[in-house]
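# Working through the structure, step by step
Here's the letter readout for the chains.
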Amino acid sequence: MPAVDAQADFPALEQAVLERWRERDVFRESLRRREGAPGWVFYEGPPTANGRPGSHHVLSRVFKDIFPRFKTMRGFYVERKGGWDCHGLPVEIAVEQQLGISSKEQIEAYGIAEFNQRCRESVFAFLEEWDALTERIGFWIDLDAAYRTLDTEYVESVWWALAQIHARGLLYEGHKVVPYCPRCGTALSSHEVALGYRDVIDPSVYVRLGVRDVAGSPLRDGDALVVWTTTPWTLVSNAAVAVHPDLSYVRARAEAGDEVLVVAEALVERVLGEGAQVLERFTGRDLEGVAYDAPFAFIPASEYGARGHTVLPADFVTAQDGTGLVHTAIAFGEDDFQLGRRFDLAVVNPVRPDGTYDERVGPHAGRFVKDADRDLVEDLRARGKLLRATDHEHAYPHCWRCSTPLLYYAKPSWYIATSQVRDRLLAANETVTWHPEHIKHGRFGDWLEHNVDWALSRERYWGTPLPVWRCPAGHVHVVASLGELEERSSVALDDPHRPYVDDVTFACTEDCTEEMARVPEVIDVWFDSGAMPFAQYAAPLSEAGREHFEDRFPAQFVCEALDQTRGWFYSLLAISTLLYDRAPYENVVCLGLILDAEGQKMSKSRGNTVAPWDVIERFGADAFRWYFFTSKQPWDGYRFSMETIGEGVRLFLRQLWNTLVFFSTYHPEEGVEPVETDLDAWARSRLAATVEEVTERLDAYDATTAGRAIAAFVDDLSNWYVRRSRRRFWEGDPAAFATLRECLVTVAKLLAPFTPFIADELYEQLGAGEPSVHLCDWPQEDPSRPRDGELEHAMAVARETVRLGLSARGTAKVKVRQPLHEAVLVAAGRERAAIERLAGVVREELNVKQLRFVAQADELGSYTVKPNYRALGPRFGKGMPQVAAAVGALDPDGVAAALREGRTVGVMVDGHEHELSVGDLLLALAPLEGYQLEREGSHAVALELALDDDLRREGLAREVVHAVQAARKAAGLAVEDRIALTLGGDEGLLDAARAHEAYVTGETLAVELAYDGRADGQEAHIEGRELRIGVTKA
RNA sequence: GGGCGAUUAGCUCAGUCGGUCAGAGCGCUUCUCUGAUAAGGAAGAGGUCGGUGGUUCGAGUCCACCAUCGCCCA
């Protein structure tokens, strides 16, 4: 093969690979080759293309890529259909900003048709950049056939799903309390609410409410209930006070005061201060029905119904904070609302949609409610109803686009009764494998446990229209398709969006003469994306689509960021459970957040985002991918920095590449006998082990460990196999080439899902047959070459021995270039056999003439003996300290001798004799004077440091070679150039060179060697002696 | 306020079943090797494994509480 460029520029190389993929149509070919194979299904969670893709999109896209690639190579047919999320408030807001408007009135004045047309265009504003980035990072997905949630067929599938849900009685209009932005005039989704929490200071007020009707209760006239709130503006519509029926309450008097107040017993001190005097105890149940005077008189009790301004029992009340008595304003809190519904209290809302009080709240009418807080508190104080007022700092939700504090409003909305299928949701979740595992019963399972009905409708414009038609008599019909709509109305719509669909009416489907018209709302975008398993194929309305869907449901794999637990992961599960009573996915990988180098969340507003293109241009897509896959477990999140990615390039990709460069530098020689060595067998065994581990980890969706296993193998290959085998490559041993080639080709395949560019270039350079590595089958263990565990162990021992020997040299400050006579090794049994098997390797690495084994350490050091806790702990339990003491008192050399001979050693514990055998004790070596010795556990290497003249000369000869090599390099010669060499200078050095002339010429590729020391040569100094070197290309 | 997760060397992270191993890489210092490598090898400095209790013969690992950070929710 031709020589590979060692300085290859990876980003440029990747561009060339991309070009090759296009030319050879590799992605489609990889699918064609698996036609008819068992399917493995991946669902693409659709992004919205109305903003630039960021690094976090690269993260999710590369994880969405790796497993489909892996499964394809494993023999599955893995369709990868792209998708785009097209609807929703984020799109509307972007368009509002373009238009410079910010309210519903302005949108309607602009015209819904025009507005929605703008939205339709804006959705794909950055489609080109998305497509370009997707291709550039090697995410193989079919973007041509991508589903789009705005397409008519897609909308129809969604309608069909809603009709199914309605047919089961699970779609209803309900009054619930929703977070609402008074400025924007719409309810917000929980997602949007989560974007806007902010710490604010609100008044914290304790209000006393005098009781009126105490008959049958433990209270007396003149007592007052104490309630607490941080939203004084809701007090004007106080409807009731809630207590927990089982909680203990008291009548009590503050130390200083004489009034009798009612609070939860647990909160007496917090509310009334130390020294409060408890007069009487009772449970909340006893308070039920007690009437009280409302904090404000704007709205009379009668408006609320029979139980207005009385004490009601409620399970949600706690004694955690406040007073244990909860101010209840039906329209402004979910708990309040449910309580009101239960006790038949009317919803009285004196707040207008724009967040101001209406005329019922006399002096405050027309004011924004939160602005009235302070005045209302003063009013309470003036009328003696205020017990205490302080400031309270807490997180409060604000509109994420206009910063207005949100209000919680009871408003009519359409809901899906998911809470009725909660058990089925939980059962479906049980069938899912989550990564990381704790999501299953943690964040996600917990969320399902507390499932509430899905607030489906949005009072907005750009979305899938809610297909609910209703007549003035209140009959409701849900339309399941455009075909049905046309049948009923004789109107054929091309575009199902607003405003066109708003005008379509038809005769009531019930026994009724009225005309049905569509309700004005659109639906939550999360329903769109959650419907993708069938809607992406226009199923079930299209017959072909239905078949596609049935073949591809459920998915084996979905992957998104952690925040999708309450988003897409939930909407998928909910819809799938409602329609098919099963989970839509089998394996979920959750990805963590991307943080900047300081650990701050990346966001546009902070301006600390890292543009993906910068990374790609500097290091390449593979480097980016490799960083995400292997730097850490993906769900833990990333601290993102260019430097870390650069490190990965240097340590892994560069190392791999240079191994290829080395391979391409030499060529097998004709006529050289292949000699397969232990090193070859070792490399292949390590390769097999790596294939096994990578396969196993990828099957478990663990790219991190899998990738690190590949890196460990490449390191072994480069820094041990190649380093140890260099001479065989120079000499052209075909066995070495075959081994390295096999390793590199297999690494290319293992790496294909991780770093598809470099893997493919590696494969291409090695000329391994297919047009692309991505068309290969995944490597499998070769039954004729099983793993050789004994050899892997032997090599590990040999490398450890070398490490100890080099350490000994380092300590003695004897250069490796200086040969030594002997290394003395303490090793026995399996270890000794291992070192003997690989003695050549050990001798060369340590540069010693011979190895001598001693089975016992007596010659080199003395033993110490320690108890093996792992073996003895379970046996002796509490007796371990005594055992340890007894073992410590043993004579180590005696123990060593006994164990060597297979005898046991006795110790006395608690007056009983116990026999300890070889596994119960750990022997370690202590060094003895006189040798340079390194030890670890029972294993040691000592070096004989004495030099004779022969060794010295040989050492000098190696110094000469070293100097000549430096001269070669300085002369700019290529590694394979043959030279004419002349040496001159110090006689001792020349003597050494003469004595080892074959070695010197062989190492330096000198075809001639003269000792006349020409004057134009380079000068070197070796141990203070001068050497003149002349190097010319021969 | 609740739920979940995290906390190990200056930085980025491993650490399996509770056992005698407190680790790797990067960075730093000093050597060294080089016929592929911006590479490799050796030595050194750098740690109360966030804290406090508990369980246990034995805790980085299990439990409780606390602190800090993050995410989700209220």
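Residue positions are given per chain, counted from 1 along the sequence in the order it is written. Here chains are named by letter from A upward and ligands by number from 1 upward, in the order in which they appear as written. Given that the model is predicted, a residue must reach a pLDDT of at least 70 before its local features are reported, and side-chain atom pairs must reach 80 or more before they are shown or counted; all residues, however, enter totals for whole chains, interfaces and linings. The side-chain values count all of the structure's non-hydrogen atoms but skip hydrogen atoms and water molecules.

### With respect to helix α34 (residues 987-995)
- Categorising residues by exposure relies on relative accessible area from a 1.4 Å probe, with only protein chains included: less than 20% of the type maximum marks a residue as buried, more than 50% marks it as exposed, and the intermediate range marks it as partly exposed. Under the DSSP-based scheme used, a helix requires at least four consecutive residues in state H or I and a strand at least two consecutive residues in state E, with every element numbered from the N terminus. Taken as a whole, α34 has its buried residues at Leu989, Leu990, Ala992 and Ala993. Here the buried residues of α34 occupy an arc of 155 degrees about the axis, which is enough to place them on one side.
- Where the residues of α34 are buried, they touch α33 (949-970), β36 (979-985), α35 (997-1004), β38 (1018-1022) and β39 (1025-1033).
- A 3.5 Å cut-off defines polar contacts: any pair of N or O atoms within that distance qualifies, except that in protein one atom must be a possible hydrogen donor and the other a possible acceptor, and neighbouring residues in sequence count only when both atoms are side-chain atoms. Between the side-chain oxygen of the N-cap and the backbone nitrogen of Gly988 there are 2.9 Å, and the N-cap of α34 in question is Asp986. By construction, the arc corresponds to the directions joining the helix axis to the C-beta atoms. Whether two residues are in contact is decided by their heavy atoms, any of which lying within 4.5 Å being enough.

### A short note on the packing of aromatic side chains
- Ring geometry is summarised as follows: Phe, Tyr and Trp rings, the Trp one being its six-membered ring, pair when their centres sit within 6.5 Å, and such pairs are stacked at plane angles under 30 degrees, edge-to-face over 60 and tilted between the two. Overall, the coordinates contain 48 aromatic pairs when judged by the stated rule.
- On the basis of an interplanar angle of 85 degrees and a centroid distance of 5.5 Å, the ring pair of Trp447 and Tyr570 is categorised as edge-to-face. Here Trp447 is found in helix α14 (residues 438-449), whereas its partner Tyr570 is found in helix α19 (residues 568-580), with 123 residues between them in sequence.
- Residue Trp447 is classed as partly exposed on the basis of its relative accessible area, which comes to 26%.
- Ring plane angle 40 degrees and centroid distance 6.3 Å describe the contact between Trp568 and Phe569, whose orientation is recorded as tilted.
- Every member of this aromatic cluster is reached through a ring pair, and the members are Phe662, Phe663, Tyr666, Tyr721, Phe729 and Phe737.
- The criterion for a charge sitting over a ring is simple: Lys NZ or Arg CZ within 6 Å of the ring centre, and within 35 degrees of the ring normal. Cation over ring: Arg136 sits above Phe757, and NZ or CZ is 5.7 Å from the ring centre.

### Description of the protein's contact with RNA strand B
- Throughout, the term near means that a residue has one or more heavy atoms lying within 4 Å of the molecule or strand in question. The local shell around RNA strand B holds 46 residues, among which Arg443, Arg566, Lys632, Trp730 and Tyr869 are the closest.
- Counting only the atoms of RNA strand B that lie within 4 Å of the protein, the sugar and phosphate share comes to 61%.
- Separating a base oxygen of RNA strand B from a side-chain N or O atom of Arg443 is a distance of 2.6 Å.
- Contact distances for RNA strand B include 3.4 Å between a phosphate oxygen and a side-chain N or O atom of Tyr666.
- Secondary structure elements with two or more residues in the surface near RNA strand B: α14, α22 (642-665), α24 (703-731), α27 (789-812), α30 (869-876), α31 (880-888), α33 and α35.

### Some thoughts on the sheet that holds strand β22 (residues 515-518)
- Think of it this way: DSSP has to see at least two bridges between two strands before they count as a pair. Read across the open sheet, the four strands follow the order β20-β19-β22-β21; overall the sheet is antiparallel. Here the strands that pair on one side only, and so sit at the sheet edges, are β20 (476-478) and β21 (505-507). Looking at each pair of strands side by side, their axes are set apart by 30 degrees on average, direction ignored.
- Pairing of strand β19 (residues 468-470) with β20, which is carried by three bridges, proceeds in the antiparallel orientation. When the sheet's bridge partners are listed, Val468 is paired in β20 with Val478. Axes here refer to lines fitted to C-alpha atoms; in helices the fit is confined to the stretch in contact. Angles between the N-to-C directions go from 0 to 180 degrees.

### Description of the nonpolar core
- Among the nonpolar cores identified, the biggest contains 120 residues, and Phe63, Phe628, Leu698, Tyr721 and Phe754 are the most heavily contacted of them.
- Among all residues touching Tyr721, those that are not within four sequence positions of it are Leu679, Asp680, Trp682, Ala683, Asp716, Arg728, Phe729, Ala736, Thr739 and Leu740.
- Grouped together as the second largest cluster of nonpolar side chains are 66 residues, Val241, Ala331, Ala372 and Leu386 included. Remark: nonpolar core denotes a set of buried residues (Ala, Val, Leu, Ile, Met, Phe, Trp, Tyr, Cys) joined through side-chain atoms within 4.5 Å.

### Examining the confidence of the model for chain A
- Per-residue confidence for chain A gives a mean pLDDT of 86; residues scoring 70 or more make up 95%.
- The predictor attaches a confidence to each residue, called pLDDT, with possible values from 0 through 100. Low confidence marks residues 927-931, where pLDDT is under 50. Its contacts with residues over four positions away, or in another chain, come to 14 contacts.

### What about unusual backbone geometry?
- Here His435 and Pro436 are connected by a cis peptide whose omega angle stands at 0 degrees.
- For Pro436, the location among the structural elements is in the loop between β16 (433-435) and α14.
- Pro540 follows Ala539 through a cis peptide bond whose omega is -5 degrees.
- Assignment of secondary structure puts Pro540 in the loop between α17 (532-535) and α18 (543-551).
- Positioned with a positive phi, Asp344 is a non-glycine residue whose angle comes to about 60 degrees.
- Take Asp344: it is sitting in the loop between α11 (334-342) and α12 (373-382).
- Positive phi, normally seen in glycine, also occurs at Asn847, with a value near 55 degrees.

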